[in-house]
Amino acid sequence: MKDDVMADAVPVRGHFLPTVIFSHGTGGSAAGMSWFALRLAAAGYLVLGVNHHGNTATEKYRPEGFLCWWERARDLTVLLDHQMEDGPFAGLIDPDRIFVAGFSLGGYAAVACLGALTYLDLYRQWAGDSPLGRGPREFPNAIDHLDQLLGQSAEFAASMKRQSLDYADTRFKAALLCAPAPTVRGFTDESVRAIHVPVLTFVGGADREAPADPCAKWLDDRLQNSRLERLAPDVGHYVFLNECTEAGCQAIPEICVDAPGVDRRAIHDRVAAAAITFFGGIE
């Protein structure tokens, strides 16, 4: 596991800072959401992001990283442990103002950190034979590796046995979710309904990777203390990633180019401002 610390988030010594731990989307990276980190850092937050091993663009993809989603919650807890105990920000994190945020599969991880329990069979029953049941856009045949890994990798088999553990970290006082991934459908109803931590969720109306109703709204209907904000009907999934260069728009338009009239920067401003207000209001 690696952790990315945004340069502009370096705090003033001797001051406790509200802290946000965030988890990137599947196959992405912490740097891919630097817009979020930089805006919150400018408002006085310490912002720390994980690059999840095997499921990050900073290294070669591994099927284990795309199949063992529950390990992400542990990544976030380990990062927080390290930074509070002996990392460069030890003694600077306000223990009463620690929050978690995530985009897509990172949104799933954030909810797991609040105590939602995962059962892979629940997700597979829901996804069925649809493409969602095989793997995400970044690794569309991930499920094809399952049986081989179970037979050949003791580490993978051990992780599969950990899928339904309780990864709740009570240090997280609130959560911000951006387009939580379909993997939330692997959570049990009972465990989601038992979460009382405040949650704020954003999702676009044209999200095809994590459609609003079966993902974000499904969570919002079950969470005890949540608010769902739907962005415009033509806003897609990847609006929550950084603005792209012209070269990026030409190379990967499906990620970089938004629908006509969608202002990615304005959406980033809106989400970040809402996050600052939301986290700032948590007692």
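Residues numbered from 1 in each chain as written. Predicted model: local features only at pLDDT ≥ 70, side-chain atom pairs only at ≥ 80, totals over all residues. Heavy atoms only, no water.

### A look at the overall build of the chain
Here is the rule we go by: By the criteria applied, helices consist of DSSP H or I runs no shorter than four residues and strands consist of E runs no shorter than two, each listed in order from the N terminus. Using a 1.4 Å probe on the protein chains alone, a residue whose accessible area is under 20% of its type maximum counts as buried, one over 50% counts as exposed, and one in between counts as partly exposed. The accessible surface values rely on the Shrake-Rupley method and a 1.4 Å probe; as for residues, cover is taken only from the protein chains in view. When charges are counted, Lys and Arg are positive and Asp and Glu negative, with His and the chain ends excluded. By convention, the point assigned to a charge is CZ for Arg, NZ for Lys, CD for Glu and CG for Asp.
Regarding its fold elements, the chain presents 12 helices and seven strands. Here the C-alpha coordinates of the chain stretch approximately 50 × 45 × 35 Å along the principal axes. By the burial criterion, 53% of the 283 residues in the chain qualify as buried. A total accessible area of about 12400 Å² is found for the chain, and carbon and sulfur atoms account for 52% of it. Side-chain charges in the chain split into 25 positive and 36 negative, and the spacing between the mean points of these groups amounts to 1 Å.

### Topic: unusual backbone geometry
Leaving glycine aside, a negative phi is the common case for residues, and trans is the common case for peptide bonds. Its identity is not glycine, yet Ser 104 carries a phi of approximately 60 degrees, on the positive side. Tracing the backbone shows Ser 104 in the loop between β4 (93-103) and α4 (105-112). With a phi angle near 50 degrees, Ala 179 is a residue other than glycine that sits in the positive phi range. Mapping Ala 179 onto the fold places it in the loop between β5 (172-178) and α8 (189-193). Relative accessible area serves as the criterion here: at 0%, Ala 179 is assigned to the buried category.

### Re helix α7 (residues 154-161)
Residue pairs spaced three or four apart in an α-helix point in one direction, given the helix's 3.6 residues per turn. Heads up, the rule is: Taken from the helix axis, the directions to the C-beta atoms give the arc we talk about. Contact definition: two residues touch when any of their heavy atoms are within 4.5 Å.
Phe 156, Ser 159 and Met 160 are the residues of α7 that are buried. For α7, the angular spread of buried residues about the axis comes to 100 degrees, placing them on one side. Those residues of α7 that are exposed and angled more than 90 degrees off the buried face are Ala 154, Glu 155 and Lys 161. Elements that come into contact with the buried residues of α7 comprise α2 (63-67), α3 (71-85), α5 (120-127) and α6 (146-152).

### Quick word on the state of the cysteines
Convention followed: A pair of sulfur atoms, both from cysteines and within 2.5 Å, is called a disulfide here.
Enumeration according to the criterion identifies one disulfide in this entry. Sulfur-sulfur distance for the disulfide between Cys 244 and Cys 256 comes to 2.1 Å. Judged by the sign of its S-S torsion, about -75 degrees, the cystine formed by Cys 244 and Cys 256 is left-handed. Separated by 12 residues along the polypeptide, Cys 244 in the loop between β7 (226-230) and α10 (246-251) and Cys 256 in helix α11 (residues 253-256) bring together distant segments of the chain. Take Cys 244: its relative accessible area is 30%, and that puts it in the partly exposed class. Note on Cys 178: no disulfide assigned, nearest cysteine sulfur contributed by Cys 215 at a separation of 14 Å. Unpaired in terms of disulfides, Cys 249 finds its nearest cysteine sulfur in Cys 256, a separation of 5.0 Å. Using a relative accessible area of 26% as the deciding quantity, one classes Cys 249 as partly exposed.

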